[in-house]
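Close look at the chain arrangement
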Amino acid sequence: MILPKIKVLKSHGWQYIPDLNNVTLTEEFRGRVELSETSDMSDVEAAAKICPTQAITTVPFSLDMGRCLFCGECALRAPRNIRFTNDYKIGSTSREALIVTPQTKSVDFHQQNVRKEIPKLFGRALKLRQVSAAGDASVEMELNATGNVNFDFGRYGVEFVASPRHADGVVITGPISKSMAEPLDICFKAIPDPKIVIVCGSEAISGGLYAQSKAVDRSFLEKYHVDLWLPGTPTHPMTFIDGVMNLIGLKKR
Amino acid sequence: MIYYITDNRNQAIHLREIPEVDYAALYEDLKERLTQEQYHVAHYFARPEEQKLRFYLILLDDATAQIMISSFSMEYYEDIALPSLTALHPALHPFEREITELYNVEFDSMPWNKPLRFAFNRRNRNSTIDNYPFYTIEGESLHEVNVGPIHAGIIEPGAFRFICNGENVLHLEIALGYQHRGVENEFTATDNRLRQMLLSESIAGDSAVSHGVAFAMAMEKLSGKKADENLERERTVALELERMAMHIADTGALCTDVGYQLGQVACEALRTMTINTTQAWCGNRFGKGLIRPSGTNKPLTKEKVEMIRQNVAQIKRRYNEVREDIKTSASLLARYEQCGNVPKQEMQRIGGVGMAARASGVSRDIRSSHPYLAYGTELKHESIIKRQGDVMARLMVRCREVLQSADYIEQILSNYTPAESHLPDYDSPLKEESISIALMEGWRGEICHVAITDKEGKIETYKIKDPSLHNWLALALAVRGEGISDFPINNKSFNLSYCGHDL
């Protein structure tokens, strides 16, 4: 019947975010970390001790957002030294750029690392094949959300496709379980050249909680060049959108 | 006495209290008992204990809220096969398969003794996931369709093998294990309770709050530091928010898969609003960071209570409009009704749990049968039951549960006064040589966490059961006789977890 549909439409209204370059997340969101050194670093030592993924180094003071699970417990123990901001622009082409020091005021995208052909070929349309390799479904749902009615990343021609043959690159989530190592490799080989690799979520970047597990096999990341690292547990849709837009030359951070 | 009897609110139990019986006695008892609807097995696993392999079986009595625990042992390398309980009660198949996979214990006349998840510590290393022994049927008119492990959308991996007669599915077999990360082992490899807490939030990311609550409850029973009343109410609100978000997401997914875009986008927007509500509370859209043992870093403030109440009221109103629309759209009903039917008797035999079981008329709901948190006290929970057992019934259970959850959140928050809260407890010693059992009802269904400590109070064994462990078989049965093109809506109507199963 038509009446209920009109009601749904009316309540639904307009949902899309008009400008993806101009989004502010809630203050509660835990994104980029800011560090400050103090003369007494005992709080940081306590925070480093409890950090579940050993993301914090005390000397010299740094925090690796590629290992960080953004639980925020360190900031509660060392409030003078560690603060989570709501800045979601935390992706980079450089793995090292994810390591935050007291000097870091924003995450450097390292634009110079982007291969020349990427913006040229993919700037107007980028089709990606996602492979979940023991991801816990939260990163996967956030990637789905990038195409939903709110974020609508499809407006820039960035979409996920079913077949690797139709794809320009792969988005990997999860610590990469042993059982998924081979399927991932087969899928990546099926993507025509030139192709890109995006590693999405702290678990994929560093193995996260499963870095030491005997059930994972992370050799893929040693074998292939990674074009974009996107931290988060899970990676927020805006982190993904910002990272990819920088990668394909739609914006400069 | 074959069983030690406790309930879901009791403390951890010393291992010596758990009766150690003969397998034959337990087998005889279960043979009879499991024919009654009120009983089902929540967990059944083995672990090395000194020179022996000790098996623990946790039985739930839905009628009396009792948790009944029993155990038996055998020598390593003892060359006898235990008579299989699966042969009588198929519901036990995942447990017996896991025991065989990890310890090489054989079950006599076990009908479906296939590897469960190809765990890294399995006994038979020659058995690998790429040579999973799929069932086959000979016949010239039949063909096989293989799907996975990588699927078409952005979802987790698993391998599906269909045997089809023309367009119709004769048989579906689901091979899982691609997501195996060794979660249970990681729990015992560390003493850092924060790390263990985060592990529990990663068991299934779409149930981070549910598994988080189960872990926190298991720890609180061992440390004796109970959550206070306000914290219990906050956790209940977080759980019901998670239930709402996922049921709305799946309503949208069911619309997507029949090409109904209005329902899809309306639900996408409503899910965004729900998880953004959780994010505004705790900083994470999936509620990671919200649940912590014996305390919280994110207590509800007056402003947050108002924010949640307002959002939930709006989501409820708008979602109800979507529900009315679906119910009055003939083209949708034509796809959902009488599709993927799992009759009650079958659902019960395979041990289905949660909302999928309730859609088939099996009244399994830990919130009412084994109350915890605010259920059974402040909230008098009544399960939503449908009888048809088809895609439509599963959708309607979801729809009604969203509205019910919204009511529960409003009921709790309308007379909620923020009070002094405790910080999380990561240091309290745990009771030594004890077993702690935490049961809770996630949005998919029954979650059971079992922690066993050693002489120093360290976690020596951690066992996790996600509802998906039981319900994957229900999906396989649902599609029998259906057109293969109806697989997606059946799949979405269950929306089971791969990582929760594979661990």
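Residues numbered from 1 in each chain as written. Chains lettered and ligands numbered in written order. Predicted model: local features only at pLDDT ≥ 70, side-chain atom pairs only at ≥ 80, totals over all residues. Heavy atoms only, no water.

1. As for the overall build of chain B
- Summing up its helical and strand segments, chain B has 16 helices and 13 strands in all.
- In summary, chain B has a C-alpha radius of gyration of 22 Å against a globular reference of 23 Å for 503 residues, a match within 12%.
- When the 503 residues of chain B are sorted by exposure, 67% land in the buried category.
- In chain B, of all internal contacts separated by at least 6 residues, the share reaching a separation of at least 24 is 69%.
- Of the roughly 17400 Å² of accessible surface on chain B, a fraction of 46% belongs to carbon and sulfur atoms.
- Between the mean site of the 56 positive side-chain charges and the mean site of the 70 negative ones, chain B shows a separation of 4 Å. (Helix = DSSP H or I, 4+ residues; strand = E, 2+ residues; numbered from the N terminus. Rg over C-alpha atoms; globule rule 2.2 N^0.38 Å. Buried < 20%, exposed > 50% of the residue type's maximum accessible area, 1.4 Å probe, protein only. Contact = heavy atoms within 4.5 Å. Areas by Shrake-Rupley, 256 points an atom, 1.4 Å probe, with all protein chains shown as cover. Lys, Arg positive; Asp, Glu negative; His and termini not counted. Charge placed at Lys NZ, Arg CZ, Asp CG, Glu CD.)

2. Concerning the interface of chain A and chain B
- Listed per partner, the contact involves 63 residues of chain A and 63 residues of chain B.
- A combined buried area of about 5000 Å² lies between chain A and chain B, and 58% of that area is made up of carbon and sulfur atoms.
- Put simply, chain A and chain B have six salt bridges between them.
- Where K5 of chain A meets D325 of chain B, a salt bridge forms, and the shortest distance between an N and an O atom there is 2.9 Å.
- Among the elements of the structure, helix 1 (2–12), helix 2 (42–50), helix 3 (73–77), strand 6 (126–132), helix 5 (138–145) and helix 6 (178–190) of chain A are those that each provide at least two residues to the side of chain A that touches chain B.
- The residue inventory of the side of chain A that touches chain B, partitioned by class, reads 32 nonpolar, 17 polar and 14 charged. (Buried area = accessible area lost by both parts, 1.4 Å probe. Salt bridge = Lys/Arg side-chain N within 4 Å of Asp/Glu carboxyl O. Nonpolar A, V, L, I, M, F, W, Y, C, P; charged D, E, K, R; others polar.)

3. Brief notes about the sheet that holds strand 9 (residues 159–165) of chain B
All names here are of chain B.
- Taken in spatial order, the three strands of this open sheet run 8-9-10, and their pairing is antiparallel. In this open sheet, the two edge strands, each paired with only one partner strand, are strand 8 (142–147) and strand 10 (168–175). Between one strand and the next, the sheet's axes are offset by a mean angle of 20°, whatever the strand orientation.
- Note: strand 8 against strand 9, six bridges, orientation antiparallel. Each residue of the ladder has a partner; that of H143, found in strand 9, is C164.
- The strands touched by helix 14 (residues 468–478) within the sheet are strand 9 and strand 10, with strand 10 carrying the most contacts at an inclination of about 160°. (Pairing = 2+ DSSP bridges. Axes fitted to C-alpha atoms, helices over the stretch in contact; angles between N-to-C directions.)

4. Considerations on the pairing of strand 8 (residues 169–173) of chain A
Residue and element names in this part refer to chain A.
- A large share of strand 8 lies buried, amounting to five of its five residues.
- Alternating positions in strand 8 separate into two faces, G169, V171 and T173 on one and V170 and I172 on the other, with burial throughout.
- Pairing of strand 6 with strand 8 involves five bridges; the strand directions are parallel. The partner of R129 across the bridge, within strand 8, is V170.
- Taken together, the five bridges between strand 8 and strand 9 (residues 196–200) define a ladder with parallel strand orientation. Within strand 9, the residue paired with I172 across the bridge is V199.
- Between the parallel pair strand 8 and strand 9, the chain is carried across by helix 6, and the sense of this crossover is right-handed. (Right-handed = clockwise from strand over helix to strand, strands pointing away.)

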